[in-house]
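Structural characterization, general
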Amino acid sequence: MATKVSDKKRARDDWRAGLSEEQLHEILYKLKLCRYFDERIEALYRQGRLPGAIYSGRGQEGTHVGVAYALRKDDSLFPTHRDLSAQLTKGLDLKRVMAQFWGRIDGYTRGRDGNSHIGDWEGNRTWTVMSHLPIAYPPACGAALAYKRRGEDRVAMGICGDGATSNGRWHEALNVSAVYGLPVVWVVNNNRYAYSTPNELEFPVPTIAERAAAYGMPGVRVDGANVLEVFTAAREAVERARSGGGPSLIESVSLRWRGHAGHDPAKYVPKELLEDHMENQDPVSRFEELLRSHDLVDDDHVKRLEERVKDEFEEGYAFALASPFPEAGDVTKGLWVEDGYWRSQPGRGGGTEA
Amino acid sequence: MSAKVEAAAAGHGAEPRGKRSENGEATYLIAIAEALWEEMERDERVFLLGEDIGVYGGAFKVTEGFIERFGPERVMDTPIAEETIVGLALGAAMEGMRPVAEFQYADFMSSGFDMITTALGRYHYRSGVPAPVVLRGPSGGGVRASSFHSFNPEPWFAHAPGLKVICPAFPTDAKGLLKSAIRDDNPCVFLEHKWIYRRIKEVVPEDPDFLVPIGEADVKREGTDVSVIAYGMMVHHALEAAEALARDGIDVEVVDLRSIVPLDTETILSSVAKTSRAVVLYESHRFLGVGAEVTAVIAQEGFESLDAPIVRIAPPNVPVPFSPTLEDAYLPQVADIEDAIRELSAW
């Protein structure tokens with residue numbers, strides 16, 4: 001049965017979720033970084049300075065930062081294109097992320113994919129995102145199977161949106177993970193819209209979290225605007241998985257502030273709902289206010305944080321534009337492992353002009 | 001019959017080699033079981049997953065006896081969830097395991113199609129992360145199994161980048177190629193022709209490191225007049241036709257592709273250079289089937305060798321029908337092959 005997290009009470013008693021001052025500052029930094037990145041990338045896209053597409057996760061940073069912050073570096077994360085903030089929280093290098101957005105050789109996919117269709121398996125154990133959601137859910141079961149089989153105390157986390165819960169693979173993966181008792185945490189970033197389709201046309205039950213009962217696993221629904229509430233639920237689920245307790249489901253509710261992709265003005269989202277969320281349910285400003293109210297940050301701290309984030313973005317942007325495009329002659333390389341392309345340094349003679 | 005062979009026949013954890021016939025011959029099915037067994041003995045990372053492969057031993061009993069020897073963790077029964085079977089294999093492979101997933105029929109690979117073609121096939125090119133997964137299943141017709149148990153899906157997977165596609169016709173090739181596939185760092189779709197399973201036997205190498213390289217065709221019968229390029233069950237039909245034609249003085253060469261991806265164009269072209277006449281024979285649908293590519297390769301790169309038009313023999317683009325008259329009309333028959341070769345050799 002879905003419970004509106006008993007952690008709410010715990011959060012009252014222990015508002016900081018057992019986190020150190022340094023950790024709380026780190027979470028604020030991640031939130032600010034993800035928000036700034038999202039806003040600047042959209043601006044560059046609208047100015048025609050960014051090729052390809054964008055999939056904004058704005059308004060959902062509480063979910064992304066909250067769940068990813070509960071993972072260890074060697075835990076694996078299987079996200080979607082909406083979840084770049086979770087990948088940034090896991091530790092992806094902003095410079096290489098931006099090189100990816102500009103189709104450059106230093107991007108994580110070496111220009112073989114774009115935008116947030118990104119991943120860094122070797123370094124941060126994140127899945128290289130695909131569009132066919134929730135296509136990463138079954139492979140998350142596979143990674144978790146390997147951990148369980150080898151007796152490793154590692155966890156796999158899958159993220160998808162509310163839209164993907166209508167797909168058969170979501171149900172297959174939840175079922176299989178529970179049948180085998182796999183160390184998985186399933187996260188649903190319920191931002192209330194599957195592209196333009198609202199929750200009430202997606203599923204006939206009040207919450208996604210209560211579906212967990214049918215698969216024999218715990219399910220909780222948390223407030224995506226409250227990063228510590230999300231984090232607390234994620235930490236509990238991760239610990240359960242790590243200690244052999246099997247999978248859990250977390251539904252984190254927020255609102256998608258921007259369209260499905262950069263081209264979508266999202267006029268189907270009621271204006272009042274959006275305004276209310278931006279005003280009162282902003283996970284970034286809410287967390288900042290929380291830390292301010294406990295005297296853990298002040299104007300000076302926030303200013304320095306915002307400057308740091310801006311500097312990192314500018315550094316990443318300059319890095320991306322200076323990184324060469326992949327060499328056209330390498331188009332067929334890297335399909336087969338034995339051609340060695342991915343184990344060697346790629347050609348850097350592609351120039352910086354497309 | 002030795003005690004070992006008796007135990008194996010009962011399927012209680014004895015190796016499949018014990019199921020060979022008295023003279024040491026293995027069926028294609030037993031050769032496949034031997035390959036799986038030997039690779040599981042060799043490499044702890046190799047495990048099997050699929051529907052009813054454990055206690056039941058698989059729909060065709062390929063993995064009979066495996067669960068007793070290797071246990072349920074390495075011979076994993078799965079729920080009926082093909083997308084997730086492939087996804088389990090992919091995720092485990094990304095973490096360094098060597099999964100071999102069985103489909104009860106290759107027809108049901110379409111139930112995992114997105115995971116096979118979108119995720120598994122494209123993953124390494126986009127990420128550099130190897131996905132050493134083998135997907136195996138019985139394909140093909142000729143056993144009166146109708147539309148959903150007779151399909152040849154190899155063109156689908158050959159068309160999807162990043163998957164090696166293997167279609168052996170003989171027990172020795174099946175064993176050597178499956179072992180190569182399990183050791184390969186790329187995803188492989190291994191299609192076992194169910195008509196061949198218990199029909200074709202031969203003495204199969206026992207060396208646990210015997211391998212057949214993926215991507216190399218094999219000339220199964222040397223000849224000088226006409227080349228027949230085929231794979232799977234059609235290789236056996238071509239060989240039968242060749243024997244009949246030899247009595248009339250027509251010397252047919254039979255090239256067995258063995259692998260569809262990578263396609264061994266060199267062996268195809270050298271055979272056509274020798275005979276100057278090509279019959280492209282295949283069991284997947286004629287329209288955009290495997291033979292369409294083979295034909296294009298010969299037309300484009302072997303044009304100067306040809307003394308006659310290339311002939312394609314393949315089923316029409318309809319579902320595999322059930323009734324014997326219909327299925328026989330659908331599948332290329334030995335007589336069809338003979339007629340086509342006679343006509344072509346008269347050019």
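Anyway, here's the lowdown on the structure attached to this text. (Residues numbered from 1 in each chain as written. Chains lettered and ligands numbered in written order. Predicted model: local features only at pLDDT ≥ 70, side-chain atom pairs only at ≥ 80, totals over all residues.)

**A word on the nonpolar core**
Inclusion rule: Under the definition applied here, buried Ala, Val, Leu, Ile, Met, Phe, Trp, Tyr and Cys residues are grouped into a nonpolar core through C-beta atoms within 7 Å. Any residue whose C-beta has 12 or fewer other C-beta atoms within 10 Å is treated as exposed, any with 20 or more as buried, and any in between as partly exposed, C-beta atoms being built from the backbone. A run of H or I in DSSP becomes a helix once it reaches four residues, and a run of E becomes a strand once it reaches two; helices and strands are each numbered from the N terminus. An automatic or database domain assignment supplies the start and end points of every domain. Note on contacts: residues are paired as contacts if their backbone-placed C-beta atoms lie within 7 Å.
Membership of the largest hydrophobic core comes to 195 residues, with the highest contact counts inside it found for Val 185 and Ile 250 of chain A together with Leu 281 of chain B. The element that contributes the greatest number of residues to this core is helix α2 (residues 28–42) of chain B, accounting for 10 residues. Each of domain 1 (3–203) and domain 2 (218–345) of chain B accounts for three or more of the residues forming this core. Each residue touching Ile 250 of chain A, except ones within four places of it in the same chain, is listed here: Val 67, Val 185, Trp 186, Val 187, Val 220, Val 222, Ala 233, Ala 234 and Ala 237 of chain A.

**Quick look at unusual backbone geometry**
Excluding glycine, most residues fall at negative phi; most peptide bonds, likewise, are trans. In this structure, Pro 134 of chain A follows Leu 133 of chain A across a cis peptide bond, with omega equal to 0 degrees. As for its placement among the helices and strands, Pro 134 of chain A is situated in the loop between α6 (121–124) and α7 (137–150). Here the amide bond leading from Val 261 of chain B into Pro 262 of chain B is cis, since omega sits at -5 degrees, within 30 degrees of zero. Checked against the element boundaries, Pro 262 of chain B lands in the loop between β12 (259–261) and α9 (265–275). Positive phi, close to 55 degrees, is recorded for Tyr 195 of chain A, a residue that is not glycine. Given 13 C-beta atoms within a 10 Å radius, Tyr 195 of chain A is considered partly exposed. Phi is positive for Ala 266 of chain A, close to 55 degrees, though the residue is something other than glycine. As for its position among the elements, Ala 266 of chain A is in the loop between β7 (248–253) and α10 (271–280).

**Thoughts on helix α8 (residues 168–179) of chain A**
Helical geometry: 3.6 residues make up each α-helical turn, so side chains three or four residues apart lie on a common side. The condition is simple: Working rule for helices: expected span equals 1.5 Å times residues minus one.
With 12 residues, α8 of chain A should cover 16 Å at 1.5 Å per step; its first-to-last C-alpha distance of 16 Å lies within 8% of that length. Buried within α8 of chain A we find Arg 169, Trp 170, Glu 172, Ala 173, Leu 174, Val 176, Ser 177 and Ala 178 of chain A. At its buried positions, α8 of chain A is contacted by α7, β2 (156–161), β3 (184–190) and β7 of chain A together with α4 (82–94) of chain B. A positive backbone phi angle near 60 degrees is found at Gly 181 of chain A, which sits one or two residues after α8 of chain A.

**What to know about the packing of α8 of chain A against α4 of chain B**
The following threshold applies: For helices, the fitted axis covers only the stretch in contact; all axes are lines through C-alpha atoms, and the angles between them, taken along N-to-C directions, range from 0 to 180 degrees. Here is the rule for handedness: rotate from the far helix to the near one, and if that takes an anticlockwise turn smaller than a right angle the crossing is left-handed, while a clockwise turn gives right-handed. As a working rule, the residues Ala, Val, Leu, Ile, Met, Phe, Trp, Tyr, Cys and Pro are called nonpolar, Asp, Glu, Lys and Arg charged, and the rest polar, with Gly in that last group.
Closest axis-to-axis distance for the α8 of chain A/α4 of chain B pair is 9 Å, and the angle between their directions is 65 degrees. Where α8 of chain A crosses over α4 of chain B, the two elements pack in a sense that is right-handed. Contacts between α8 of chain A and α4 of chain B involve Gly 168, Arg 169, Glu 172, Ala 173 and Val 176 of chain A from the first element and Glu 83, Thr 84 and Leu 88 of chain B from the second. A breakdown of the residues in the contact of α8 of chain A with α4 of chain B according to their chemical character gives 3 nonpolar, 2 polar and 3 charged.

**Thoughts on the pairing of strand β13 (residues 278–281) of chain B**
Residue and element names in this part refer to chain B. Stated precisely, the cut-off is as follows: A pair of strands is labelled paired if DSSP reports no fewer than 2 bridges between them. Place the viewer so that the strands point away; then a crossover is right-handed whenever the path from the first strand over the helix to the second strand goes clockwise.
Burial along β13 is two-sided: the residues Ala 278 and Val 280 and Val 279 and Leu 281 are all buried. Bridge count between strand β10 (residues 226–230) and β13: 3 bridges; the pairing is parallel. Following the sheet pairing, Ile 229 is matched in β13 by Val 280. Pairing of β13 with strand β14 (residues 311–313), which is carried by 3 bridges, proceeds in the parallel orientation. Across the sheet, Leu 281 pairs through a bridge with Ile 313, a residue of β14. For the crossover that starts at β13, traverses helix α10 (residues 290–301) and ends in the parallel β14, the hand is right-handed.

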